[in-house]
Every structure is written in structure tokens, then in C-alpha cells.
Amino acid sequence: MLNMISTKQFPANSKLYRGSSKLVNNSNNISYFIYGNGAIKKVEDLYVKYQGNRVYEYNTKKNMNLVKMNNKESVRALVNTTDNQNIKNAIMETFRVNNSKNVKRNSNANLNRTVARHICAIGYDGYIAKEMKKGNSNNVFHREVVICKPREKIRYIKNFAPLTALMARKSVKSRNVSPPQSPVKTFLLNRSLTNNNFVTP
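Quick caveat: nothing in here was measured; it's all calculated off a predicted structure.

K.L.:
Sorry if this is basic, but what is going on with the side chain of Asn28 here?
P.N.:
Looking at the secondary structure, you find Asn28 in the loop between β2 (15-20) and β3 (30-33). For Asn28, a relative accessible area of 10% gives the class buried. A polar contact of 2.7 Å, which involves the side chain of Asn28, links it to the backbone nitrogen of Asn25.

K.L.:
Would you take a moment to explain the packing of aromatic side chains for this structure?
P.N.:
The geometry of an aromatic ring pair comes down to the distance between the two centres and the angle between the two planes. Here the structure, examined in full by the defined rule, presents six aromatic pairs. Both rings, one in Tyr56 and one in Tyr156, keep their centres 6.2 Å apart while their planes meet at 45°; by these two values the pair is tilted. Here Tyr156 lies in strand β12 (residues 154-160) and Tyr56 lies in strand β4 (residues 54-60), a separation of 100 residues in the sequence. Residue classification places Tyr156 among the partly exposed residues on the basis of a relative accessible area of 35%. Each ring, one from Tyr58 and one from Tyr156, has its centre 5.9 Å from the other, and the planes form 65°; the classification is edge-to-face. Placement of Tyr58 in strand β4 and of Tyr156 in strand β12 is noted, with a sequence separation of 98 residues between them. Pairwise contacts between aromatic rings join Phe33, Tyr56, Tyr58 and Tyr156 into one cluster. Positioned over the ring face of Phe141 is Arg105, at 5.1 Å from the centre of the ring.

The rules we used
One numbering rule holds for all chains: residues counted from 1, following each sequence as written. Note on the predicted model: pLDDT of at least 70 is required for a residue's local features to be given, and 80 or more for side-chain atom pairs to be given and counted; whole-chain, interface and lining totals, by contrast, use all residues. The side-chain quantities take in all heavy atoms of the structure and omit both hydrogens and water. Secondary structure elements follow DSSP: runs of H or I of four or more residues count as helices, runs of E of two or more count as strands, with numbering from the N terminus. Partly exposed describes any residue whose relative accessible area lies between the buried limit of under 20% and the exposed limit of over 50%, with all areas from a 1.4 Å probe on protein chains only and scaled to the type maximum. A 3.5 Å cut-off defines polar contacts: any pair of N or O atoms within that distance qualifies, except that in protein one atom must be a possible hydrogen donor and the other a possible acceptor, and neighbouring residues in sequence count only when both atoms are side-chain atoms. To pair, rings of Phe, Tyr and Trp, with the six-membered ring standing in for Trp, must have centres within 6.5 Å; the planes then decide the type, stacked if under 30 degrees apart, edge-to-face if over 60, and tilted in the middle. In our convention, an over-ring charge means Lys NZ or Arg CZ found within 6 Å of a ring centre and within 35 degrees of that ring's normal.

The structure is reproduced here in C-alpha cells:
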């Protein structure tokens, strides 16, 4: 079944972005990134509020062989690479191929992780997907890349605070409102910021 899985050769020196409170480190066996045009804005809008308050930029160090998860034949073939029903269910739930000519994305952090671990276990560098419609709506899920053993394959470039966060802090200061009373600050204080490398909105 592996020869029925469609892959993309993702080139070295490609930029990847993620929202986090710290660097990807050696303990991270799987990490999630956004790539392509508009990636920084997507990270700011969708991920910074979940994973920390900074945008991290990386470059790929080598070419990678990534499974194309927006390809229906690839998803079906991937399901057939395992006898584990939990893995099969995770693939079919997060990358839906039924009743549609295209794959639909139904992102769930735990199921995403199960899918990615299986892809890593069968020898790929991770997976890649173009924009896809979300499960039961016409909304669009952004482009994504998941990399196995990322520290071996990416190079850290820089990190920076998103413009939206800077504007929020200035707004709070100008109104003379203490940080805990700010909605942004209250949200962050009530949520534990962890180095969870596989959270999606």
C-alpha cells in the first residue's frame, strides 16, 4: 500500500512558522507548522492564542518526503497500512473522504497526533496538506505541515511577538487597565501555556 501513497518532496530552505512559548526541542518527536503565503498571519490569528504569545520561524535543513493528506487516494491507502482500528478511525475522522470529491479536514489534537505518529512509524518525514474545506462546513482549513523528529530537519531562525498582541498590550496600557482585568490577559492567565506541539484550532 505504500506505493499508492502520494507524497511531496518538500525542499530544503523552506520557511515554516508556528505559534509557541518556546523552541521546538529534542523531546518533540512531532511538531506542527504552517507554510506558504499568509502563513505568519494564520499563525497570529489561529495559534498564538493557543500555544503562547510569539511566532517562531524556521527553515528546513533538508528535503523531506511528506505524505499528501489532501489527496483522497493517499488517505485511503494510509488507512490500509495498519490493522490497528484506532489508527484507522483517527485517519478517517480527521481526513474525511466520504461523500465528497475532495478530502475534508476535521482537526482534533489527539487524533491528529495519532495520525502523525503512524505516518512517522511507517517511514515518512511527516505529512503536508493544502487548504481543505472543514468537515461539515464550507469554511477552509489552512495549509499545514507536520514533521517527524523536527530538530533533525529544521533550523531555528527567529521569534517575534505578533502585531495583534502588541496592539492589545498598547490598548490595555492606554486605558490604564491592570493586566489581569484585560480579556487577553485573563484568557492567558486562565489557560496553562504548554509546549504542546500539536494543538490546532
